[in-house]
2 protein chains.
Amino acid sequence: MAGVEGHIRIRQGDGRIVGTHSHPELTKNQSLVFGTLNRADGPLTAYAILDLLRDEGFRAPLQVYRALEKLLDFGLVHRLESLNAFVACSHPGCSQHHAVAFAICETCGNVLEFTPDAALKDLSKWAGDCGFSPAKTTIELRGTCRGCGQAATN
Amino acid sequence: MAGVEGHIRIRQGDGRIVGTHSHPELTKNQSLVFGTLNRADGPLTAYAILDLLRDEGFRAPLQVYRALEKLLDFGLVHRLESLNAFVACSHPGCSQHHAVAFAICETCGNVLEFTPDAALKDLSKWAGDCGFSPAKTTIELRGTCRGCGQAATN
DNA sequence: ATACAAGATGTAACTATGTAACACTGATGG
DNA sequence: CCATCAGTGTTACATAGTTACATCTTGTAT
Ligand SMILES: [Zn+2]
Ligand SMILES: [Zn+2]
Ligand SMILES: [Zn+2]
Ligand SMILES: [Zn+2]
């Protein structure tokens, strides 16, 4: 087993398909994990993925973590540090964007992925000024999304 | 026990004292945890704090987590999401700044706390535009600090 | 074909991080 | 005196992630 074709639908939170990833080098377990994350409409913890893949033969957390490690390398998946959870990248050509930000609604659980160019530029400037070389940047906003905010005031 | 005076030195990574916090409402356990974080020259996990406070009578993680929860509320301590660890706030008048960023050196473990105003403004603008109300913003740069970067190229 | 190397997988055991539940204490205000 | 509340102590539990080792698969060199 070395190279199951991974051609997987990318959905928005509403289920609308907005793109696909085609990565020729996904192995069986990587495809299973990536497929699970794409079908989910929100972030999943590694153990949640494990439970969803019991029927496919998954038995141990390491099977999930190994697949996730590769998917993170490929840029197909992001880790949400403040949730200890993982989401499929929602940007179809994501291999490019190494710095990205997330807005996480604490009411409905939806996650919006965006690229805050100005913020990243400012952070880069700060880093340059004080001699810090960033390897990975984490930006996560926890709060309430438009829908949930409106619902609360109705 | 209700109100041990907490007047505690704030040190930089080099041990230099750069300020103090005076908070009249710190309880015994809160003072012990806060003091431990201030003496440390880097972030500590909750279990590391627990081990450092065994001699003071700490026995269970909840004693640490309960103190940390309050210290986080008071703004005296920050949580580093990407490390599952905690640091004393290095900004003496920190009660004000609710949004802050960290540059974490993966070589030496030092953490620099800073306030990236322009980045925060940009993120606020993005949030406003898409109806998201942020309650807490996490910004963490993982990389290499000036000293460690220079050491690597020497 | 045979042999080897690299990558992928399976499994058990373990460490690390964080919580729930319940009991107890000491202060505060009727 | 009694109710209440915040803080504390302790046990057990739940969640998250890793180490170690064996096996299997596939590509490649001989
Ligand atoms: Zn992405
Ligand atoms: Zn929402
Ligand atoms: Zn601070
Ligand atoms: Zn360093």
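Residues numbered from 1 in each chain as written. Chains lettered and ligands numbered in written order. Predicted model: local features only at pLDDT ≥ 70, side-chain atom pairs only at ≥ 80, totals over all residues. Heavy atoms only, no water.

### Overview of the packing of helix α1 (residues 28-39) of chain A against helix α3 (residues 61-74) of chain A
Residue and element names in this part refer to chain A.
So, step 1. Relative orientation of the contacting elements α1 and α3 amounts to 80 degrees, with a least axis distance of 9 Å. Put simply, α1 runs roughly perpendicular to α3. The residues of α3 that touch α1, namely those facing N29, Q30, V33, F34 and L37, are Q63, V64, A67, L68, K70, L71 and F74.
So, step 2. Partitioning the contact of α1 with α3 into residue classes produces eight nonpolar, three polar and one charged. (Axes fitted to C-alpha atoms, helices over the stretch in contact; angles between N-to-C directions. Helix = DSSP H or I, 4+ residues; strand = E, 2+ residues; numbered from the N terminus. Parallel < 35°, antiparallel > 145°, perpendicular 65-115°, else oblique. Contact = heavy atoms within 4.5 Å. Nonpolar A, V, L, I, M, F, W, Y, C, P; charged D, E, K, R; others polar.)

### Remarks on the side chain of A:T137
So, step 1. Following the sequence through the fold, A:T137 ends up in strand β7 (residues 133-144).
So, step 2. In contact with A:T137, not counting residues within four places along its chain, are A:V100, A:L120, A:L123, B:E140 and B:L141.

### Describing the domain arrangement of chain A
Residues and elements named next belong to chain A.
So, step 1. For chain A, the assigned domains read domain 1 (4-88) and domain 2 (99-153).
So, step 2. Contacts between domain 1 and domain 2 engage ten residues on the former and eleven residues on the latter.
So, step 3. Approximately 770 Å² of surface area, both sides summed, lies buried where domain 1 meets domain 2, with 54% of it carried by carbon and sulfur atoms.
So, step 4. By the criterion of area lost to domain 2, the three top residues of domain 1 are H78, L80 and S82, representing 47% of everything that side buries.
So, step 5. Where domain 1 packs against domain 2, one counts zero salt bridges.
So, step 6. Across the domain 1-domain 2 interface, the total number found is four residue pairs in polar contact (both at pLDDT 80 or more).
So, step 7. Of all elements in the fold, only β3 (77-80) and β4 (85-88) reach the threshold of two or more residues within the side of domain 1 that touches domain 2.
So, step 8. The greatest single-element share of the side of domain 1 that touches domain 2, amounting to three residues, is contributed by β3. (Domains from an automatic or database assignment. Buried area = accessible area lost by both parts, 1.4 Å probe. Salt bridge = Lys/Arg side-chain N within 4 Å of Asp/Glu carboxyl O. Polar contact = N/O pair within 3.5 Å; in protein donor to acceptor, adjacent residues only side chain to side chain.)

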